[in-house]
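These are the residues of each chain, in order.
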Amino acid sequence: MDLRIFTEPQQGATYDTLLTVAKATEDLGFDAFFRSDHYLKMGSVDGLPGPTDAWITLAGLARETSRIRLGTLMTAGTFRLPGVLAIQVAQVDQMSGGRVELGLGAGWFEEEHQAYGIPFPKEKFARLEEQLAIVTGLWATETGRTFDFRGAHYELKDSPALPKPVQEKIPVLIGGHGPTRTPRLAAQYADEFNMPFASVEDSERQFGRVRAAAEAAGRKGDDLVYSNALVACVGKDDQEVARRAAVIGRAVDELKTNGLAGSPAEVVDKIGRYAEAGASRFYFQILDLHDLDHLELISSQVQAQLP
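It should be emphasised that the depicted structure is a prediction, and the values quoted were computed from it without experimental measurement.

1. Here's the deal with helix H7 (residues 200-216)
Between its first and last C-alpha, H7 extends 24 Å over 17 residues, near the 24 Å set by a 1.5 Å rise per residue. Where H7 is concerned, the buried positions are Val 200, Ser 203, Gln 206, Phe 207, Val 210, Ala 213 and Ala 214. End-on view of H7: buried residues confined to an arc of 150 degrees, all on one side of the axis. Among the exposed residues of H7, those oriented more than 90 degrees off its buried face are Glu 215 and Ala 216.

Structure representation (structure tokens):
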């Protein structure tokens with residue numbers, strides 16, 4: 001069972017804060033440090049001191065850590081041209097010694113595009129499909145050969161398809177709730193399917209759709225890793241849970257319904273229910289990045305109880 005730490009820096013975090021959390025993630029035995037890819041805060045927080053770029057952050061962390069996997073949930077396809085993204089991710093993979101994973105999504109938060117002058121195309125899913133074909137195609141092209149692609153949205157001609165990542169294949173993550181197109185895309189390109197902020201029942205249904213799509217595409221359903229991303233709010237007692245919930249502006253009952261919240265025993269039990277639905281990897285969304293004791297508690301009292 002893999003437990004990963006997932007951060008939302010657009011809510012307010014410096015690179016130094018993220019570095020501290022990433023080092024704690026490594027020291028406490030978690031599998032990976034992931035971050036979102038957003039340029040604008042959400043909700044009532046002030047978002048200060050402002051956004052940090054996902055792949056610049058991961059490049060820095062690649063040189064400051066030695067074991068943990070590093071990646072995004074999810075890189076917004078609207079932010080980067082696919083050829084440039086392939087270069088960026090391959091370079092960070094080199095910088096990390098082969099520890100990078102790429103979560104790639106269509107992009108959805110229109111306000112952040114408006115705030116920073118980023119085009120927000122109407123047809124995003126078709127672009128995402130071409131982006132996945134290009135990024136994975138560039139990495140898979142043999143050294144010395146060139147890569148060509150002609151689609152409705154992108155065209156590449158005689159690309160040297162360089163640089164190459166360290167890993168023979170960088171794991172690609174695809175996620176989402178869509179019942180038809182998302183499973184088909186995951187079946188074609190993904191090494192991992194992530195179900196974000198969903199119930200056990202909805203996760204089980206979507207995992208089933210992805211498995212069916214994989215088998216229809218000639219893959220085994222078990223070729224993919226199935227994961228959940230869920231908000232975390234764990235405390236050694238009710239008072240500590242309530243205190244942590246108050247800091248992030250959430251109600252305890254809501255967190256227990258929709259996330260991994262409560263005592264370590266409650267969280268272990270909830271993880272077990274998701275595991276029965278097919279999940280083998282969990283992304284703990286940590287919203288208070290200054291509470292390192294929270295990470296220590298999850299490591300010592302939750303992770304230690306899992307197989």
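The rest of the description comes next.
2. Details of the pairing of strand S9 (residues 192-196)
Within S9, four of the five residues are buried, leaving the element largely enclosed by the surrounding structure. Pairing between strand S8 (residues 172-175) and S9: three bridges, direction parallel. Considered in S9, the bridge of Ile 174 is made with Phe 193. Crossover S8 to S9 through helix H6 (residues 181-189) is right-handed.

3. Brief notes about the environment of Tyr 154
Mapping Tyr 154 onto the fold places it in the loop between strand S6 (147-150) and strand S7 (155-159). If sequence neighbours within four positions are ignored, Tyr 154 has contacts with Leu 81, Pro 82, Arg 127, Glu 130, Gln 131, Ile 134 and Phe 149. Side chain to side chain, Tyr 154 and Gln 131 meet in a polar contact 2.9 Å long.

4. Some remarks on the packing of H6 against H7
Geometry of a packed helix pair, given as the angle between the helix axes and the separation of the axes. Between H6 and H7, the shortest axis-to-axis distance is 8 Å and the interhelical angle comes to 50 degrees. Judged by the inter-axis angle, H6 sits oblique to H7. H7 is crossed by H6, and the crossing has right-handed handedness. Across the interface between the two elements, Thr 182, Pro 183, Arg 184, Ala 186 and Ala 187 from H6 touch Gln 206, Arg 209, Val 210, Ala 213 and Ala 214 from H7. A class-by-class count of the residues in the contact of H6 with H7 yields six nonpolar, two polar and two charged.

5. Topic: helix H2 (residues 54-64)
Taken together, the buried positions of H2 are Ala 54, Trp 55, Thr 57, Leu 58, Ala 59, Leu 61 and Ala 62. Contact partners of the buried residues in H2: helix H1 (15-27), strand S2 (32-35), strand S3 (69-72), strand S4 (75-76), helix H3 (82-96) and strand S5 (100-105). For H2, the side-chain oxygen to backbone nitrogen distance between the N-cap and Trp 55 is 3.1 Å, and the N-cap itself is Asp 53.

6. Here's the deal with the nonpolar core
Where a protein is soluble and globular, its nonpolar side chains tend to be buried together. Among the nonpolar cores identified, the biggest contains 76 residues, and Trp 55, Leu 102, Trp 139, Ile 271, Phe 284 and Val 302 are the most heavily contacted of them. Considering each element in turn, this core owes the most residues, eight residues, to helix H5 (residues 125-140). If we ignore the near neighbours within four places in the chain, the residues touching Ile 271 are Met 1, Leu 3, Leu 260, Phe 282, Phe 284, Val 302 and Leu 306. Residues Ala 32, Leu 73, Ala 229 and Tyr 283 belong to the second largest nonpolar core, which totals seven residues.

Conventions adopted
Residues numbered from 1 in each chain as written. Predicted model: local features only at pLDDT ≥ 70, side-chain atom pairs only at ≥ 80, totals over all residues. Heavy atoms only, no water. Helix = DSSP H or I, 4+ residues; strand = E, 2+ residues; numbered from the N terminus. Expected span 1.5 Å × (residues − 1). Buried < 20%, exposed > 50% of the residue type's maximum accessible area, 1.4 Å probe, protein only. Arc of directions from axis to C-beta. Pairing = 2+ DSSP bridges. Right-handed = clockwise from strand over helix to strand, strands pointing away. Contact = heavy atoms within 4.5 Å. Polar contact = N/O pair within 3.5 Å; in protein donor to acceptor, adjacent residues only side chain to side chain. Axes fitted to C-alpha atoms, helices over the stretch in contact; angles between N-to-C directions. Parallel < 35°, antiparallel > 145°, perpendicular 65-115°, else oblique. Left-handed = near helix turned anticlockwise from the far one by under 90°. Nonpolar A, V, L, I, M, F, W, Y, C, P; charged D, E, K, R; others polar. Core = buried A, V, L, I, M, F, W, Y, C linked by side-chain atoms within 4.5 Å.

None of this, on its own, says anything about what the molecule does.
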